[in-house]
Amino acid sequence: MGHIILKDISKQYDDGIGHQRMVLDNVCLEMNHGDFVAVTGVSGSGKTTLLNILGTLLKPDSGTYLLDGKIINDMEDEALRMIRNQCIGFVFQDHRLLPQLTAWQNVLLPVLASKKRPSDEDLTWARQLTEMLNINHVSHQMPSTLSGGEKSRVALCRALVMQPRLLLADEPTGQLDKLHAHEVGELLKEVNQKLGMTIVVVTHDHQLASSAPTIYELVNGKLMLQTT
């Protein structure tokens, strides 16, 4: 579960003056279950485009994306929606917590999107996550009362509550100071080690990238493996 293969993935955009700009140029990547990879690169290098393709939010112009042996980019929209909800967890830079809901209600949102009410198993797993990520004491609070680090943990719990095969994080430390950014990196390592979940994080934060055992850099549309 969580095995990824990208074969010759390319994506280009219209630059607004009649030309096409190649953002991803025959990108290839293979990740096994439980791998933790960081992708770095300057702004505009294609990091978020790559993540959106992995998250089925965007289809490549060419190439093949396989998740656990299934060709993802050939699927219909409804099938892709099911994969996004059941198989992929997302963590965003701005957290995207609903301000009118408590932290606990935000954590349970993906469950409620897929069924009328959470099962006992769902609730038990959600509580285990809040304990593991140390936010059970703020579960009743509204997002406006949480610190940046607490919001990040709530968002991470929400991303994990459906027990996804793949966790995708898009610049998760972009709005945090160094202390909280380090905390997020440690949380991702903990999730990877304790849950054995496949993780891809895209970031320009070299401190966060160093949390991952494997680091790639996007340069001129090409994915380059970084070596120490």
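One can find the structure itself at the top, above this paragraph.
Description of the structure in this document. Please read all numbers here as calculations on a predicted model, not as lab measurements.

Conventions adopted
- Residues numbered from 1 in each chain as written.
- Predicted model: local features only at pLDDT ≥ 70, side-chain atom pairs only at ≥ 80, totals over all residues.
- Heavy atoms only, no water.
- Phe/Tyr/Trp six-rings, centres within 6.5 Å; stacked < 30°, edge-to-face > 60°.
- Buried < 20%, exposed > 50% of the residue type's maximum accessible area, 1.4 Å probe, protein only.
- Lys NZ or Arg CZ within 6 Å of the ring centre and 35° of its normal.
- Pairing = 2+ DSSP bridges.
- Helix = DSSP H or I, 4+ residues; strand = E, 2+ residues; numbered from the N terminus.
- Axes fitted to C-alpha atoms, helices over the stretch in contact; angles between N-to-C directions.
- Contact = heavy atoms within 4.5 Å.
- 1 Å grid on protein atoms, 1.4 Å probe; cavity = no way out; pocket = protein on both sides within 12 Å on 5 of 7 lines; lining within 4 Å.
- Points joined across faces, edges and corners; volume = space filled by probe spheres on them.
- Nonpolar A, V, L, I, M, F, W, Y, C, P; charged D, E, K, R; others polar.

## With respect to the packing of aromatic side chains
Thinking step 1. Taken as a whole, this structure holds one aromatic pair when the rule is applied.
Thinking step 2. Between F90 and F92, the ring centres sit 5.9 Å apart and the planes meet at 5°, which makes this aromatic pair stacked.
Thinking step 3. On the basis of relative accessibility, which here comes to 18%, the residue F90 falls in the buried class.
Thinking step 4. Above the plane of the ring of F92 lies R96, whose end atom (NZ or CZ) is 3.9 Å from the centre.

## Considerations on the sheet that holds strand β9 (residues 214-219)
Thinking step 1. Across the sheet, which stays open at both edges, the six strands sit in the order β6-β7-β8-β3-β9-β10 with mixed pairing between neighbours. Each having just a single partner strand, β6 (88-92) and β10 (222-225) make up the two edges of the open sheet. Neighbouring strand axes in the sheet, compared pairwise and without regard to direction, differ in orientation by 20° on average.
Thinking step 2. Where strand β7 (residues 166-170) meets strand β8 (residues 198-202), five bridges bridge the pair, whose relative direction is parallel. For A169, the partnering residue across the bridge sits in β8 and is V201.
Thinking step 3. Along the sheet, helix α2 (residues 77-87) makes contact with β6 and β7, crossing β6 at roughly 75°.
Thinking step 4. With respect to the sheet, helix α5 (residues 148-160) is in contact with β6 and β7, its orientation differing from that of β6 by roughly 165°.

## Side note on the pairing of β10
Thinking step 1. In this sheet, β10 lies alongside β9 in antiparallel orientation, the contact comprising four bridges. What sits directly across from V219, in β10, is K222.
Thinking step 2. Hairpin connection, β9 to β10: the antiparallel pair is bridged by two residues, and N220 has positive phi, about 55°.

## Focus on empty space enclosed by the protein
Thinking step 1. Applying the stated criterion across every chain yields a total of two cavities of 30 Å³ or more.
Thinking step 2. Taken together, V91, F92, H95, S152, R153, L156, A169, P172, V184, L187 and L188 make up the full set of residues lining the largest cavity.
Thinking step 3. Breaking the lining of the largest cavity down by element, the ones donating at least two residues are β6, α5 and α6 (178-195).
Thinking step 4. Looking at the lining of the largest cavity residue by residue, the class counts come to eight nonpolar, two polar and one charged.
Thinking step 5. Each pocket or cavity is described by its volume, and for the second largest cavity that value is around 40 Å³.
Thinking step 6. Taken together, I53, T56, L58, K59, P60, Y65, I72 and N73 make up the full set of residues lining the second largest cavity.
Thinking step 7. Of the residues in the lining of the second largest cavity, the class split is five nonpolar, two polar and one charged.

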